[in-house]
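Reading the structure
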Amino acid sequence: MAGQRVPMKEPVCLIENDSDGKLRVVRSALDILDQIDQHVVVVAVVGLYRTGKSYLMNKLAGERKGFALGATIQSKTKGIWMWCVPHPEKRDHTLVLLDTEGLGDVEKGDEKNDNWIFSLAVLLSSTLVYNSMGTIDNNALEKLHYVTELTEHIKVKSNQRDGEESSEYLRYFPSFVWTVRDFTLTLEVDGRPITANEYLENALKLRTGHSKKDQAYNLPRSCLRNYFSPRWCFVFERPASGDKMRRMEELTDADLEPAFVEQAKEFCDHVFNEAKTKTLKQGLKVTGRLLGNLAETYVSAIRSGQIPCLDNAVLALAQIENSSAIERARAHYQKGMADWVAFPTETQEELSEVHAVMEKEAVAIFINNSFKDEDQKYQLELMKLLQEEYEKICERNYKESQKACESKIECIFAPLEEKIRDVSYMTPGGYKEYCNDLKLATSEYRSEGGRGVKAEEVLKEYLERKASIGQTILSADQSLTEAEQRAEAEQAKREASERENRAMEEQLVVQERLRADQQRTYEENVNQLMERMERDSRNAIAEHDRVLQARLKEQNDLLQQGFDDRAHQMQREIDALKGAKAQEEEKKPSFMSTALDTVGTAATLFLPGILPKVGGMAVKWLSKWF
């Protein structure tokens, strides 16, 4: 997907607080996202205020300046700021960087706002970066209490029960990166060197015991382990001395500590290579436009006092995106036909071939930009609209053909018309001269190009109007005997019948072509629908696999750490995941068959030329996939 990217020289505010203190999405930022057709990798950074979050985001953007760094104890970033830049590794992607206002700002003192900012960062990102200072100890984890409150601020389903399995959140939440700034410890445990990732996992180990103190200790750790997978950690030494730290925007890498520069590079390389495309349910890849709609949907829920619901957001977005996908597909078809069709086309087949190409591309645009098209409602609407567009184009082609043919007849038959007006044929032998001139003009007309699909019909209608004149000339020709006149009259009838047959054959060819076009329309839509459903099914199964593997790993870790009870409790969740995966695999053939029958039955209403017995067609198409 090549798509369109929008150059941004500096960040803009995406979500801010209005005069009433409520969050709102900034229209100008949405306008930027609305122009981005590329898929997006969304990296959001969160953390306590004055911990250097903005510096990391500027590094990811490849700039020293951009997100405000600030050199005082005051937090500079308010709300959520956005910077869209070309992805340095994925040429067909845009990297969307989201810098959030510092959490726990004593001047602001709005815990509720902090929770919503944190929750929105989770909802909008594909990779969440949590930035902190010093070490990952119990104090640092207690400050990350926002993660323990996520289930109070985000729902997966509208009818969600308390205590919903954490796998439901794991399915939708971003990957997690903990960045530790000004890190001075040695990475080792019991004298053994460890990696930063191992350092994080070691810090997330649970404590045995059932006291309130043990539960409070385990809560943030359990939430991180249950909600976010995969997880990574990066540690950074202090970048420079105090004086230089106050001038970070002015410094180059040469002015910073070499170890810090290398650590920052490793972090950026990781994000560029490991951060995934933002996706929704069943692996739907998010574009900039869709990300903007997501932000609006979530913030609208928050403003109305509701808890953002992932399933509801997907349903709302599906209506917006599917309607938009129809319009984009139709616009592409209309433009393509306007660009490539020169009226009149010489044959219906010539028009049909352009239609086939543009229709295929239009259906692909719809398929690639639509999702959750329940009962194929939107795809059927598109099929109907494109058929109507094609019918309009065919009608115009007929009219343009008729105009072109009439113009050519007027020019080619002009000498014959002049002789008729001059009564030049009303002499002995005039009928044969008239027939000869008529034959020559007809031959010349048929040798002309640019007549289009009504060439014979227009000629037939013209010559039918001349039949009475020919009969008059024949009757007046005294050089012919009565027998010869009868023979000429019979010849004229045979020629008229031949022209009638040629005109009918011409129209039959057009009608057969149109019926073939309708059949091809059906088959093209079914083909692409099957491919989309197969892809959605693969994505759903892959999603089940990813979550299942994460839960199995967590269960194994719990067993190794001596939490047998927790591990056994998790088995119910694992069994449910296995069952859901098995159901997805089992329902695929019947679901696809139902979808095919739906498309076929509905399509017969506006594509009367398609083959009957839709159920048989379903079997035919399903046999290609199973």
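The name an unreviewed UniProt entry assigns to the chain is Guanylate binding protein 2, from the organism Salmo trutta. In its Sequence similarities (unreviewed entry) section, the UniProt entry covering the chain states "Belongs to the TRAFAC class dynamin-like GTPase superfamily. GB1/RHD3 GTPase family."

Before going further, it helps to examine the overall build of the chain. Helix and strand counts for the chain stand at 21 helices and 10 strands. For the chain, the residues scored as buried account for 50% of the 626 residues in total. Long-range pairs, those at least 24 residues apart, make up 76% of the contacts in the chain between residues at least 6 apart in sequence. Summed over all atoms, the accessible surface of the chain reaches about 30100 Å², with 49% contributed by carbon and sulfur.

For the pair helix α14 (residues 377-412) and helix α16 (residues 430-447), interaxial distance at closest approach is 10 Å and the crossing angle is 140 degrees. Judged by the inter-axis angle, α14 sits oblique to α16. At the point where α14 passes α16, the crossing takes the right-handed sense. Note on element contacts: α16 touches α14 through A441, E444 and Y445, opposite C405, K408, I409 and I412.

Two aromatic rings, taken as a pair, are described by how far apart their centres are and by the angle between their planes. All chains considered together, the criterion is met by 17 aromatic pairs. Taken together, a centroid distance of 5.6 Å and an interplanar angle of 80 degrees make the contact between F67 and W83 edge-to-face. On the criterion of sequence distance, the pair formed by F67 in the loop between α2 (53-61) and β4 (80-86) and W83 in strand β4 is long-range, its members being 16 residues apart. The burial state of F67 is the same as that of W83; both residues are buried. Ring centres of F118 and Y146 lie 5.8 Å apart, and the angle between their planes is 25 degrees; this geometry places the pair in the stacked category.

Together, E346, E349, E350 and E353 make up a negatively charged patch on the protein surface. Take E353: it is sitting in helix α13 (residues 348-369). For E353, a relative accessible area of 47% translates into the label partly exposed.

Next up on the list: the sheet that holds strand β6 (residues 127-133). The strand order β2-β1-β4-β5-β3-β6-β7-β10 describes an open sheet built from eight strands, whose pairing is mixed. Looking along the sheet, the strands with just one partner apiece sit at the ends: β2 (23-25) and β10 (231-235). Ignoring which end each strand starts from, the neighbouring axes of this sheet average 20 degrees apart. In the sheet, strand β7 (residues 175-181) pairs with β10 via five bridges, with the strands oriented parallel. For V177, the partnering residue across the bridge sits in β10 and is W232. Across the face of the sheet, helix α7 (residues 196-203) comes into contact with β7 and β10 while running at roughly 115 degrees to β10. Across the face of the sheet, helix α10 (residues 258-274) comes into contact with β3 (39-47), β5 (93-100), β6, β7 and β10 while running at roughly 160 degrees to β10.

Cut-offs applied
- Residues numbered from 1 in each chain as written.
- Predicted model: local features only at pLDDT ≥ 70, side-chain atom pairs only at ≥ 80, totals over all residues.
- Heavy atoms only, no water.
- UniProt positions renumbered as here; feature names shortened; annotations may be inferred.
- Helix = DSSP H or I, 4+ residues; strand = E, 2+ residues; numbered from the N terminus.
- Buried < 20%, exposed > 50% of the residue type's maximum accessible area, 1.4 Å probe, protein only.
- Contact = heavy atoms within 4.5 Å.
- Areas by Shrake-Rupley, 256 points an atom, 1.4 Å probe, with all protein chains shown as cover.
- Axes fitted to C-alpha atoms, helices over the stretch in contact; angles between N-to-C directions.
- Parallel < 35°, antiparallel > 145°, perpendicular 65-115°, else oblique.
- Left-handed = near helix turned anticlockwise from the far one by under 90°.
- Phe/Tyr/Trp six-rings, centres within 6.5 Å; stacked < 30°, edge-to-face > 60°.
- Patch = residues over 30% accessible without salt bridge, like charges linked within 9 Å, V, L, I, M, F, W, Y side chains within 5 Å.
- Salt bridge = Lys/Arg side-chain N within 4 Å of Asp/Glu carboxyl O.
- Lys, Arg positive; Asp, Glu negative; His and termini not counted.
- Charge placed at Lys NZ, Arg CZ, Asp CG, Glu CD.
- Pairing = 2+ DSSP bridges.

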